[in-house]
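# Summary of structural features
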Amino acid sequence: MGAPEKLATSSNNSMQRVKVYRLNDDGKWDDQGTGHVTVDYLERSEELGLFVVDEEDNETLLMHRICSDDIYRKQEDTIISWRDSEFSSEIALSFQETTGCSYIWDHICNLQRNLHFDTIRNDSYHGANNELRELPAVELSTLPSILKVVVDGSVTDQLCVTELILHDQIFFRKLMDLFRVCEDLENKDGLHMIYKIVKGIILLNSPQIFEKIFSDELIMDIIGCLEYDMETPHVHHRNFLKDHVVFKEAIPIKDPLALSKIHQTYRIGYLKDVVLPRVLDESTLSSLNSMIHSNNGMVVTLLKDDTTFIKELFARLKSPTTSPDSKRNLVFFLQEFCTLSKSLQVVQQLRLFRDLVNEGIFSVITDILQSEDKKLVLTGTDILIFSLNQDPTMLRSYVSRQEGVPLLGLLVKGMLTDFGDDMHCQFLEIIRSLLDSFSSGGQQRDAIVEIFYEKHLDQVINVITSSCPPNGSKNSAKPEILMNICDLLCFCVLHHPYRIKCNFLLNGVVDKVLHLTKRKEKYLVVAAIRFIRTLISHNDEHLMSYIVKNNVFKPIVDAFISNGSRYNLLNSSVLELFEHIRKENIKTLLKYLIDTFWDELAKFDSLPSIQSLKLRYDQAQEHAANNQNNHTETRKRVDERGLEKEEEDYFNEDSDEEDSASASASMTRGSRIRTRPGPGVSNGSGGLVDYEDDEDDEDYKPPPKKQVEEDEGTLEFRLKRKLLAKKEETDIIKKRKLVGKTQTQTQTQKPKESVFATLCSTLSQTVLPSTTTTTTTTTTTSDNKSTNEENKSEESEAEKGVAQL
């Protein structure tokens, strides 16, 4: 079979390591072996197919002709399967790398698309375009014809040209020979024609063509052809690549395939970014990027599988005898190696990173961060960012241990260090990730938080105090560093609110941060205001009391007043702070703001936020005053209701409790206290007064008969008012009209007479002392009779009303 021979002669082809599986009759997958897969022409045929050659004995494990009718499936980024019609069974290729699977999958899709359009071409273009069945001979005179074939024509024609170029094994060799001849003869027209042909071939966007033109054999001549663009000045790209581009090996790479892919990747990138940046269309650019991604994955795979290579790398990084220049190159290589590993599958990235951790990558980075070379320090932070993206728990686990404590200090130091124009926000990002309260690993996280607040918080705050007036003239930090500090403090407030009282308030952090309001940079003043805004979002009463007691808002209000009527970020941030206080109705701060600063803020009362703030304050004051008045009136009504209730209780006891009246009739002469209505009580309220026993008091004189009469009449009137209070006046009139009937019924009902007699007895016994009960009752009866003769209508109605009750 000729296919394996072709594969052997093309060592630079994209050979990918796969396992071949075939589905047996029992529905299970049989392992057919492990080898490398590639796409190549079938023997003595113009058709392309998949070849898998055993990695040990170079025997052919699989030869499959790619057909437009076959249905290929891609599964889980590493498996391609289809049904082989020749053997009537399912075939599957399981790739070691996801990049290799994607690469072969793209080949299959492109080939099927080409076959589909080739069928259309055969049906539609069988007359006028017979010249597309073969390419013109590569000669100087035929260059215009070749250019027309490559550039002009429909999509179908371009697909056909791609097949013809791939099928002609010597096309590129002849074209490059002609290019060298034209260059020697300085034939500008021929060189310009060849430039257009090569550019058109690249825009055909064929992965197979890219494999050919980016090979070591052709790449330099291809780049030479692209130098002769008559519309741009001539640039000697080949001289630059030969003389100025130097391939540095920090660690010698022994695998020839890895070296070839490294060189090829650089050339693709150079052509994409330097030679043809304005020419490439989006689809071609995407294909080149995919090829770079695939090459990177292959290089990293080849290197990570070489255990001796990784061990030698870390041994040199840790060795004290390694020269500074060599160590610098090793660090840059490690950074590049970590960057390239992003081309691997996620699971394989994680495995690689764990291998690097086992080799001691964190201790190496700790050593790197202590270097005086700032570029080297930033490179070390890039590697740490890579570790956080892979598995942040590993970095937290290292920092929480004793040997990892210095790393946190170096990160804080890096955040406070001036790196010139280079970005150094990576330090802030790493510290925030380590202090993140929502991350996993509670004990490790808590240990890191404790270390930060105990050892590094004061260090961070001191940078602010030393950078603000009046201390900012000597040791002033860059504004970017101060901004990073404010961002970190806001992050700490949100993620560690329990630290506010014990670390922020006790150590005066709030007051020190507000020193930033004295800086001339307005965005630093805004950063300080944002910190206060973050603080009060917790609505903690202890914190509010601290703000009022220490007059924390004074620097903010002063900055607002100094800003005047300018509508800028400072103005908006202060107004937003006031709006938050108003909307959340933080009464302590609302009262503090208006009581303390209204004389200054009144100048801006035309602003809606200031108006709303004052209105909310006035409403709160009015509400407080109303509550005080309501409280006073409520107490007054309660007191008055208490007096009325005492009177009701008194009469209820007199009218309802017969047992109490009977008991008073049998009281002994030794009793010392009698109860009767208080003669001096006003507004209808009752009271209790003490009387000494009449038998024991020699000066005691019974009241006149008329007085007893008045007391009893008053008692009856009060009792009648109490019993008839709930009746309407109309009901009383109706009762008066029915007096005759009621009196007749009362006379015939002896139980009611006994009730009336008992009630009268109770009333008389309650009014007079026990020793004169009989006399009082007789007197009351005779007085009532005489009264009835004088005013028969009114008194009889009252008696009958009592009798009915």
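Here we summarise the structure given alongside this text. Residue indices follow the written sequence of each chain, beginning from 1 at its first position. Per-residue local features are limited, in this predicted model, to residues with pLDDT of at least 70; the limit for side-chain atom pairs, both in listing and counting, is 80 or more; totals at the level of whole chains, interfaces and linings are taken over all residues. For side-chain calculations, the full set of non-hydrogen atoms in the structure is used, while hydrogens and water are omitted.

Here a salt bridge means any side-chain nitrogen of Lys or Arg lying within 4 Å of a carboxyl oxygen belonging to Asp or Glu. One pass over the full model with this rule turns up 26 salt bridges. Across the salt bridge formed by Asp-305 and Lys-304, the nearest N and O atoms sit 3.3 Å from each other. Only protein chains enter the accessibility calculation, which uses a 1.4 Å probe; a residue whose area is less than 20% of its type maximum is buried, one above 50% is exposed, and one in between is partly exposed. Here Lys-304 falls in the partly exposed class, since its relative accessible area comes to 23%. Residue Glu-312 pairs with Arg-316 through a salt bridge whose shortest N-O separation is 2.9 Å. Of this pair, Glu-312 and Arg-316 both sit in helix α12 (residues 307-318), four residues apart, which is roughly one turn of the helix. Among the residues examined, Arg-316 registers a relative accessible area of 31% and is labelled partly exposed. Connected through salt bridges with shared partners, the residues Asp-177, Arg-180 and Asp-221 form a single ionic network. In this description a helix means any DSSP run of H or I spanning at least four residues, a strand means any run of E spanning at least two, and both kinds are numbered starting from the N terminus.

This part covers the pairing of strand β7 (residues 89-95). Burial analysis of β7 places six of its seven residues in the buried class, which makes it a mostly covered element. In the sheet, strand β6 (residues 79-84) pairs with β7 via six bridges, with the strands oriented antiparallel. Paired with Ile-79 across the two strands is Ser-94, which belongs to β7. Two strands qualify as a pair provided that DSSP identifies no fewer than 2 bridges between them.

We now examine unusual backbone geometry. In this structure, Glu-186 is a non-glycine residue whose phi angle is positive, near 55°. Residue Asn-585 is not a glycine yet carries a positive backbone phi of 55°. Within the secondary structure layout, Asn-585 lies in the loop between α27 (569-583) and α28 (587-601). Among the residues examined, Asn-585 registers a relative accessible area of 31% and is labelled partly exposed.

Next up on the list: the sheet that holds strand β4 (residues 60-65). Sheet architecture is open: seven strands sit in the order β4-β3-β2-β1-β7-β6-β5, paired in antiparallel fashion. If you trace the sheet from one side to the other, it starts and ends with β4 and β5 (73-75), each paired once. This sheet shows a mean twist of 30° between the axes of neighbouring strands, independent of strand direction. Alignment of β5 against β6, held across three bridges, turns out to be antiparallel. Directly across from Arg-73, in β6, lies its bridge partner Ser-81. To obtain each axis, a line is fitted to C-alpha atoms, and for helices this fit is confined to the stretch in contact; angles are then taken between N-to-C directions over 0 to 180 degrees.

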